Amino acid sequence: VIGGFLQASLGWRANFAALLAIGILLVASTWLWFGESNLQKNAAATRMATLVGNYGALIRHREFIGYTAVFTLCYCGIFAWISGSAFVLIGLFGIAPQVYGMLFGLSAMGYAVGAFVAARLARRLNARQMLRIGVHIALAGGTLALACAWLLPRSPAALVAPMWVFLFSTGFVM
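Read on for an overview of the structure. (Residues numbered from 1 in each chain as written. Predicted model: local features only at pLDDT ≥ 70, side-chain atom pairs only at ≥ 80, totals over all residues. Heavy atoms only, no water.)

1. Focus: the overall build of the protein chain
Consideration 1: Assigned secondary structure in the protein chain consists of seven helices and zero strands.
Consideration 2: Since a compact globule built from 174 residues should have a radius of gyration of about 16 Å, the 21 Å found for the protein chain marks it as more spread out than a globular shape.
Consideration 3: Seen through its C-alpha atoms, the protein chain measures out along the principal axes to roughly 60 × 40 × 30 Å.
Consideration 4: Residues classed as buried in the protein chain amount to 22% of the 174 residues present.
Consideration 5: For the protein chain, the proportion of contacts with a sequence separation of at least 24, taken over those separated by at least 6, is 73%. (Helix = DSSP H or I, 4+ residues; strand = E, 2+ residues; numbered from the N terminus. Rg over C-alpha atoms; globule rule 2.2 N^0.38 Å. Buried < 20%, exposed > 50% of the residue type's maximum accessible area, 1.4 Å probe, protein only. Contact = heavy atoms within 4.5 Å.)

Next up, the structure:
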């Protein structure tokens, strides 16, 4: 949202200047206020043989691979949206950058709401159940996107609504 207003008032370079300033503040505050959190240092942990052995154990762990695949696919969807939504909504639909910022913020709220709902359900459901529900919601979001693309006139709402459902699911499974 802020990026859209920065672009409209100061130009596209203002977003990068703001990100640089925020990055500098974060690095400085981390350096000043956070110390090393690992109090149990193990010199053998960074040896090549130990690292290779640990990675081998992970690759052979089917459950780890399944969770990793779900998280990877969720992030693929997130980054497809992050990288392509401005082009589609501003470039193809012609909406103003400020409106884009609000629509992008609305879609990001799907992620936040999904995480909030998941936090409440995590008291009653185990990780596997949560993941299964989240994957089904992601599938519903993808199906809704396909249905909107085929059946509805092209519009920002027909794109943002299914994306909201998908981002809800990613917040849910992460």
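The structure having been displayed, the exposition proceeds.
2. Some details on the packing of helix α6 (residues 127-151) against helix α7 (residues 156-173)
Consideration 1: The N-to-C vectors of α6 and α7 enclose an angle of 170°; their axes lie 8 Å apart at closest approach. Here α6 lies roughly antiparallel to α7, going by the angle between them. Side by side, α6 and α7 meet where M130, L131, I133, G134, V135, I137, A138, A140, G141, L144, A145 and C148 of the first sit next to A158, P162, V165, F166, F168, S169, F172 and V173 of the second.
Consideration 2: When grouped by side-chain class, the residues that make up the contact of α6 with α7 number 17 nonpolar, three polar and no charged. (Axes fitted to C-alpha atoms, helices over the stretch in contact; angles between N-to-C directions. Parallel < 35°, antiparallel > 145°, perpendicular 65-115°, else oblique. Nonpolar A, V, L, I, M, F, W, Y, C, P; charged D, E, K, R; others polar.)

3. Considerations on the pattern of salt bridges
Consideration 1: With the rule as written, the count across this model stands at one salt bridge.
Consideration 2: A salt bridge links E63 to R128, with the nearest nitrogen and oxygen atoms 3.2 Å apart. Separated by 65 residues along the polypeptide, E63 in helix α4 (residues 62-92) and R128 in helix α6 bring together distant segments of the chain. (Salt bridge = Lys/Arg side-chain N within 4 Å of Asp/Glu carboxyl O.)

4. Description of the packing of aromatic side chains
Consideration 1: Taken as a whole and assessed by the stated rule, the structure comprises seven aromatic pairs.
Consideration 2: Between the aromatic rings of W164 and F168, the centroid separation amounts to 5.8 Å while the plane-to-plane angle is 25°, which identifies the pairing as stacked. Pair noted here: W164 and F168 are both in helix α7, with a separation of four residues, about one helical turn.
Consideration 3: Given a relative accessible area of 15%, F168 falls into the buried group.
Consideration 4: Through successive ring pairs, a cluster of aromatic residues spans W81, Y100 and F104. (Phe/Tyr/Trp six-rings, centres within 6.5 Å; stacked < 30°, edge-to-face > 60°.)

5. A look at a nonpolar patch on the surface
Consideration 1: Judged by side-chain polarity, M48, L51, V52, Y55, L58, F64 and I65 come together as a nonpolar surface patch covering roughly 650 Å² of accessible area.
Consideration 2: Among the secondary structure elements, those contributing two or more residues to the nonpolar patch are α3 (48-60) and α4.
Consideration 3: The element that contributes the greatest number of residues to the nonpolar patch is α3, accounting for five residues.
Consideration 4: Topologically, L58 is positioned in helix α3. (Patch = residues over 30% accessible without salt bridge, like charges linked within 9 Å, V, L, I, M, F, W, Y side chains within 5 Å. Areas by Shrake-Rupley, 256 points an atom, 1.4 Å probe, with all protein chains shown as cover.)

6. Some details on the environment of S155
Consideration 1: Along the polypeptide, S155 turns up in the loop between α6 and α7.
Consideration 2: Accessibility expressed as a relative area gives 24% for S155, which makes it partly exposed.
Consideration 3: Each C-alpha atom of the pair S155 and L92 lies 9.9 Å from the other, and the pair is 63 residues apart in sequence.

7. Thoughts on the environment of A18
Consideration 1: The residue A18 is located in helix α2 (residues 13-33) in this model.
Consideration 2: Residue classification places A18 among the partly exposed residues on the basis of a relative accessible area of 26%.

8. Looking at the side chain of S107
Consideration 1: When you line up the elements, S107 lands in helix α5 (residues 97-121).
Consideration 2: Residue classification places S107 among the buried positions, given a relative accessible area of 1%.
Consideration 3: A polar side-chain atom of S107 sits 3.0 Å from a polar atom in the side chain of W81.
Consideration 4: Among residues more than four places away in sequence, those in contact with S107 are W81, V160, W164 and L167. (Polar contact = N/O pair within 3.5 Å; in protein donor to acceptor, adjacent residues only side chain to side chain.)

9. Things to note about the side chain of S169
Consideration 1: Along the chain, S169 turns up in helix α7.
Consideration 2: Overall, S169 belongs to the buried group, its relative accessible area being 1%.
Consideration 3: Discounting chain neighbours no more than four positions away, the residues touching S169 are G134, I137 and A138.

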